[in-house]
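Given next are the chains, with one letter for each unit.
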Amino acid sequence: MSADKANLDTHKTVETWQDELRLVAHSEKIPDLMRFFKTGRGEYGEGDIFIGIYVPDNRRISKGYAVLSLCEIGRMLDSPVHEFRLAGFLALVEKYRKSPQSYKGEIADFYFANCHKANNWDLVDLSTEYILGVEYANGNRLEELNTLINSDNLWRQRVAMVAMLTPVRQGILDLPLSVADMLLEHPHNLMQKAVGWVLREVGKKDMARLIDYININIHRISPVTLSYATEKMSKDKRDALRLMRRQYKKQILPVR
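Rules behind the numbers
Residues numbered from 1 in each chain as written. Predicted model: local features only at pLDDT ≥ 70, side-chain atom pairs only at ≥ 80, totals over all residues. Heavy atoms only, no water. Helix = DSSP H or I, 4+ residues; strand = E, 2+ residues; numbered from the N terminus. Rg over C-alpha atoms; globule rule 2.2 N^0.38 Å. Buried < 20%, exposed > 50% of the residue type's maximum accessible area, 1.4 Å probe, protein only. Contact = heavy atoms within 4.5 Å. Areas by Shrake-Rupley, 256 points an atom, 1.4 Å probe, with all protein chains shown as cover. Axes fitted to C-alpha atoms, helices over the stretch in contact; angles between N-to-C directions. Parallel < 35°, antiparallel > 145°, perpendicular 65-115°, else oblique. Nonpolar A, V, L, I, M, F, W, Y, C, P; charged D, E, K, R; others polar. Salt bridge = Lys/Arg side-chain N within 4 Å of Asp/Glu carboxyl O. Arc of directions from axis to C-beta. Phe/Tyr/Trp six-rings, centres within 6.5 Å; stacked < 30°, edge-to-face > 60°. Lys NZ or Arg CZ within 6 Å of the ring centre and 35° of its normal. Left-handed = near helix turned anticlockwise from the far one by under 90°.

A. Quick look at the overall build of the protein chain. Scanning the protein chain from N- to C-terminus turns up 17 helices and zero strands. The globule rule puts the C-alpha radius of gyration for 256 residues at 18 Å, and the 20 Å found for the protein chain is close to it. Put simply, the protein chain has 256 residues, and 50% of those count as buried. Long-range pairs, those at least 24 residues apart, make up 69% of the contacts in the protein chain with a sequence separation of at least 6. Accessible surface, the protein chain: about 12400 Å² in total, of which carbon and sulfur atoms supply 53%.

B. Broad picture of the environment of tryptophan 121. With respect to the helices and strands, tryptophan 121 occurs in helix H8 (residues 121-125). For the pair tryptophan 121 and leucine 190, spaced 69 residues apart in the sequence, the C-alpha separation amounts to 7.6 Å.

C. Seen up close, the packing of helix H5 (residues 70-77) against helix H6 (residues 82-98). Interaxial distance between H5 and H6 falls to 7 Å at its minimum, and their mutual angle equals 150°. In terms of orientation, H5 and H6 fall into the roughly antiparallel class. Facing Leu70, Ile73, Met76 and Leu77 of H5, the residues of H6 in contact are Phe84, Arg85, Ala87, Gly88, Phe89, Ala91, Leu92 and Lys95. Among the residues making up the contact of H5 with H6, the classes are represented as nine nonpolar, one polar and two charged.

D. Local environment of the pattern of salt bridges. Considering all chains together, one arrives at 20 salt bridges under this definition. Linking lysine 117 and aspartate 78 is a salt bridge whose minimum nitrogen-to-oxygen distance equals 2.7 Å. Of this pair, lysine 117 sits in the loop between helix H7 (101-114) and H8 while aspartate 78 sits in the loop between H5 and H6; the two residues are 39 residues apart in sequence, bridging distant segments of the chain. In this structure, the salt-bridge partner of arginine 141 is glutamate 144, at a minimum N-O distance of 3.0 Å. Sharing partners across several salt bridges, the network here consists of Glu129, Arg169, Glu201 and Lys204.

E. Region of the structure containing helix H13 (residues 174-183). Residues of H13 that are buried: Pro176, Leu177, Val179, Ala180 and Leu183. Angular distribution of buried residues about the axis of H13 spans 160°; they occupy a single face of the element. Residues of H13 that are buried make contact with helix H10 (145-149), helix H11 (154-162), helix H12 (165-169), helix H14 (189-205) and helix H15 (207-216).

F. Quick peek at the packing of aromatic side chains. Taken as a whole and judged by the stated rule, the model has seven aromatic pairs. When the ring of phenylalanine 36 is compared with that of tryptophan 121, the centres are 5.8 Å apart and the planes differ by 70°; the resulting orientation is edge-to-face. Of this pair, phenylalanine 36 sits in helix H3 (residues 30-36) while tryptophan 121 sits in helix H8; the two residues are 85 residues apart in sequence, bridging distant segments of the chain. For lysine 104, the ring lying beneath its charged end belongs to tyrosine 96, and the centroid distance is 4.4 Å.

G. Representation of the side chain of asparagine 114 within the structure. Relative to the assigned elements, asparagine 114 resides in helix H7. Of the residues examined, asparagine 114 reaches a relative accessible area of 10% and is grouped as buried. If we ignore the near neighbours within four places in the chain, the residues touching asparagine 114 are Leu77 and Phe89.

H. Inspection of the packing of helix H2 (residues 14-23) against helix H4 (residues 55-63) at higher detail. Viewed as axis vectors pointing N to C, H2 and H4 meet at an angle of 155°, and their least axial separation amounts to 10 Å. Taken together, the axes of H2 and H4 are roughly antiparallel relative to one another. Taken as a pair, H2 and H4 cross one another with a handedness that is right-handed. Of the residues in H4, those touching H2 at Trp17, Glu20 and Leu21 are Asn58, Ile61 and Ser62. By residue class, the composition of the contact of H2 with H4 is three nonpolar, two polar and one charged.

Written out as structure tokens, the structure is:
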């Protein structure tokens, strides 16, 4: 590291991080963000606070703060401000990416312990795939998946599902399908979308296997999950699977 870089890093603090982020905030975007991320009474993001930062700006700034300790990054994860929490998770992704293998496990431990603070879908989707997803694809930490899946916390469950994108993209399909199977009947719309997203990615690797999975589980799959999972199929195939599901619900088709 150069002397200039070292000197710069000594001046990086959570306070300077937040100050930099506030400089790129667009307050006029706050109402739109509050609606988009469902912050109203009874909605999944109820009470969340936004200051109007675009994700590319957040990522650009937060990458530079990956040099901070896990404890300091944790202060960002504890913030009531949505974009500050996102900044913390983006810094963790960068820290994990750049760290030697000997340190990645500690970062993954920290992420696992704090992933419930990724309490909206964007916080999960922009982080878990690149930390826990990599761990699971490498065959590490698999015993903790049941803890996430069986949690009563929606966001920890979404972490488990979205993390499966990394194994799928590496051609590992058994584990993601197993996790999808355990979450297939989840009642929340955000989980139904996440399961469908992973299934769609499975189809990109092995469409025949996806179709077989849907055929077997047609009586368990929600319309939302089916819509997401079949997005890349031909219209005729999508329509046929939707018809099959409707017929089953009308008890025209036998249980498979």
